[in-house]
Amino acid sequence: MSIGLDELILVDYHAFPLQSVVRCLWHPKLNQIMVGTGNGLAKVYYDPNKSQRGAKLCVVKTQRKAKQAETLTQDYIITPHALPMFREPRQRSTRKQLEKDRLDPLKSHKPEPPVAGPGRGGRVGTHGGTLSSYIVKNIALDKTDDSNPREAILRHAKAAEDNPYWVSPAYSK
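Residues numbered from 1 in each chain as written. Predicted model: local features only at pLDDT ≥ 70, side-chain atom pairs only at ≥ 80, totals over all residues. Heavy atoms only, no water.

The protein chain is annotated in an unreviewed UniProt entry as WD repeat-containing protein 70 of Eschrichtius robustus.

This is how it looks when you write it as structure tokens:
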């Protein structure tokens, strides 16, 4: 039973047949009423427009479809002494068939693994197929170890004397 705030008139009435209300709680933030009954049930009353979260989060979830684990697809007649050419293959339960289908990459839609090495079958390999991989392989990962930095600078000295285009204008003024 709920009574309006402005006038003391009955707004709503909920009957609990064959059970008694043991505890009642109104949550101000959720704007929902929780009711515990004598037979062990807990009921939540809410307004779809004014309530927030709480029971509304559970209402929008759909119930999952239960799988029937141990059902056979057809009746199977066992003939133990039949010749091998007349024997029917033994049927598996749907659960075992689902487990077998899960291991099959085509039926389970397993994604293809990345291509290792050079590309094949129209797929680009891990290195050598794109511009960025070419730059990383040839330019950025140049691992020449110059243990003597003076020799590394003097190696380019003769080229700088022959072609002073890059060095002379910088120091001319």
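From this point, the narrative continues.
### Overview of the pairing of strand β4 (residues 32–37)
As paired elements, strand β3 (residues 21–27) and β4 share 6 bridges and run antiparallel to each other. Paired with Cys24 across the two strands is Val35, which belongs to β4. Counting the residues that bridge the hairpin from β3 to β4 gives 4 residues, and of these Asn31 lies at a positive phi of roughly 60°. Sheet analysis places β4 next to strand β5 (residues 42–46), joined by 5 bridges and oriented antiparallel. If you follow Val35 over to β5, its bridge partner there is Lys43. Counting the residues that bridge the hairpin from β4 to β5 gives 4 residues, and of these Gly40 lies at a positive phi of roughly 95°. (Pairing = 2+ DSSP bridges. Helix = DSSP H or I, 4+ residues; strand = E, 2+ residues; numbered from the N terminus.)

### Some thoughts on a nonpolar patch on the surface
Residues Leu131, Tyr134, Ile135 and Ile139 make up a contiguous nonpolar surface patch of roughly 420 Å² in combined accessible area. When you line up the elements, Ile139 lands in helix α3 (residues 131–140). Its relative accessible area of 56% is what places Ile139 among the exposed residues. (Patch = residues over 30% accessible without salt bridge, like charges linked within 9 Å, V, L, I, M, F, W, Y side chains within 5 Å. Areas by Shrake-Rupley, 256 points an atom, 1.4 Å probe, with all protein chains shown as cover. Salt bridge = Lys/Arg side-chain N within 4 Å of Asp/Glu carboxyl O. Buried < 20%, exposed > 50% of the residue type's maximum accessible area, 1.4 Å probe, protein only.)

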